[in-house]
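One letter stands for each residue in the lines below.
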Amino acid sequence: MTHFPFPDARGWIGIGVFLLTVMVFVMTAAIPELRDNEYFKTLGTLVVGAFIKDVVSWAYAATKGGGELAERNAAIVEQAAVPAPTIKAEGE
C-alpha cells in the first residue's frame with residue numbers, strides 16, 4: 001500500500017485559501033442576490049483580496065531552506081562559543 005504524501009504547512013495554506021476563494025465565487029454565482037449585498041461584497045473582497053495578499057505572502061515569504069540554514073548557523077555559533085584553552089605564561 002502506498003503512503004499518501006500530505007502537504008506541508010504551505011500546501012495546507014494554499015489549499016485553504018483556494019477553497020475559500022472558490023467558495024466565495026460559487027456563492028456569488030449560486031445566489032444572485034449576494035451581488036447586490038454590500039456586506040457580502042465587503043467580506044468577499046476581504047477573503048479574496050486581503051487573505052490571499054497577507055496570508056499567502058506571509059506563508060511563502062520565507063524560504064524552505066530557512067530552517068536548515070538556521071540550524072547550520074546555530075552549529076557554527078556553538079562551535080565558535082567553545083572556550084579557548086588558557087595560555088599560561090612561562091614560569092607558572
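Reading guide: rules and limits
- Residues numbered from 1 in each chain as written.
- Predicted model: local features only at pLDDT ≥ 70, side-chain atom pairs only at ≥ 80, totals over all residues.
- Heavy atoms only, no water.
- Helix = DSSP H or I, 4+ residues; strand = E, 2+ residues; numbered from the N terminus.
- Contact = heavy atoms within 4.5 Å.
- Areas by Shrake-Rupley, 256 points an atom, 1.4 Å probe, with all protein chains shown as cover.
- Axes fitted to C-alpha atoms, helices over the stretch in contact; angles between N-to-C directions.
- Parallel < 35°, antiparallel > 145°, perpendicular 65-115°, else oblique.
- Left-handed = near helix turned anticlockwise from the far one by under 90°.
- Nonpolar A, V, L, I, M, F, W, Y, C, P; charged D, E, K, R; others polar.
- Phe/Tyr/Trp six-rings, centres within 6.5 Å; stacked < 30°, edge-to-face > 60°.
- Buried < 20%, exposed > 50% of the residue type's maximum accessible area, 1.4 Å probe, protein only.

Digging into the overall build of the protein chain
Point 1. When helices and strands are tallied, the protein chain shows 3 helices and 0 strands.
Point 2. Ordered by position from N to C terminus, the α and β elements of the protein chain give α-α-α.
Point 3. Within the protein chain, counting contacts between residues at least 6 apart in sequence, those at least 24 apart form 58% of the total.
Point 4. As displayed, the protein chain has an accessible area near 7,900 Å², and 69% of this comes from carbon and sulfur atoms.

Re the packing of helix α1 (residues 9-30) against helix α2 (residues 38-61)
Point 1. Two elements in contact, α1 and α2, have axes whose closest approach is 10 Å; the angle formed by their N-to-C orientations is 165°. When the axis of α1 is compared with that of α2, the two are roughly antiparallel. Crossing angle aside, the handedness with which α1 passes α2 is left-handed. Residues Arg10, Gly11, Ile13, Gly14, Val17, Leu20, Thr21, Val24, Phe25, Met27 and Thr28 of α1 form the contact with α2, whose participating residues are Phe40, Gly44, Val47, Val48, Phe51, Ile52, Val55, Val56, Trp58, Ala59 and Tyr60.
Point 2. Here the residues of the contact of α1 with α2 sort into 16 nonpolar, 5 polar and 1 charged.

Describing the side chain of threonine 21
Point 1. Structurally, threonine 21 is set in helix α1.
Point 2. Those residues in contact with threonine 21 that lie beyond four places of it in its chain are Val48 and Ile52.

So, the packing of aromatic side chains
Point 1. Following the criterion strictly, the structure yields 1 aromatic pair and no others.
Point 2. With 5.3 Å between their ring centres and 80° between their planes, phenylalanine 4 and phenylalanine 6 make a pair best called edge-to-face.

Quick word on the environment of glycine 49
Point 1. Examined against the element boundaries, glycine 49 turns out to sit in helix α2.
Point 2. Overall, the relative accessible area of 35% leaves glycine 49 in the partly exposed class.
Point 3. It is 9.2 Å that separates the C-alpha atoms of glycine 49 and threonine 21, two residues lying 28 residues apart in sequence.

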